[in-house]
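# Chains, contacts and geometry: an overview
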Amino acid sequence: MKINKKFRDMALGNNQSFHIVAWVERNNSVIVGINGASTRPQFRRKFKDGTECFVSHAEMDAVAKLGKDIRPTDVLHVMRFMKNGTVSMAKPCEYCQLYLKKKGIRHVRYSGWQGEWNKMIIG
């Protein structure tokens, strides 16, 4: 798996316990998102115990930056880094999957436990 050093540095520099970066490539541009402490009302998640969370995950951040310009051919890539910079599992959580489906993202590639790429079709 090829690792983009800039993306790795962005993920590792997010001051969070999880270091995740997500991106969509389009022609000669890339839309990138990282997980962070910023909260947004559109990222509301309600848990079974009644608590709520509004923190953005990398997938949500990248897709939010696309706005309404989501295309059927878009592929969201998600990669997780451990503190030492190695790649690990980055499968989108159930809340991200629901958000991606709602926004029209159907194709996801995410890093696996051994740094391999895995594919997911949403919807």
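Each remark here, short or long, concerns the structure printed above.
For the structure given in this document, a descriptive report is provided here. (Residues numbered from 1 in each chain as written. Predicted model: local features only at pLDDT ≥ 70, side-chain atom pairs only at ≥ 80, totals over all residues. Heavy atoms only, no water.)

This structure, assessed with the given rule, holds zero disulfides. Unpaired in terms of disulfides, Cys93 finds its nearest cysteine sulfur in Cys96, a separation of 3.7 Å. Residue Cys93 is classed as partly exposed on the basis of its relative accessible area, which comes to 26%. (Disulfide = S-S within 2.5 Å. Buried < 20%, exposed > 50% of the residue type's maximum accessible area, 1.4 Å probe, protein only.)

Under the counting rule described, the total for this entry stands at six salt bridges. Here Asp74 makes a salt bridge to Arg26, at a shortest N to O gap of 2.7 Å. You can see Asp74 sitting in the loop between helix H2 (58-66) and strand E5 (75-81) and its partner Arg26 sitting in strand E1 (residues 19-26), a full 48 residues away along the chain. The same class applies to Asp74 and to Arg26, which are both buried. Three or more residues are tied together by salt bridges with common partners; here these are Arg26, Asp69, Arg71 and Asp74. (Salt bridge = Lys/Arg side-chain N within 4 Å of Asp/Glu carboxyl O. Helix = DSSP H or I, 4+ residues; strand = E, 2+ residues; numbered from the N terminus.)

The analysis is restricted to geometry; functional conclusions fall outside its scope.
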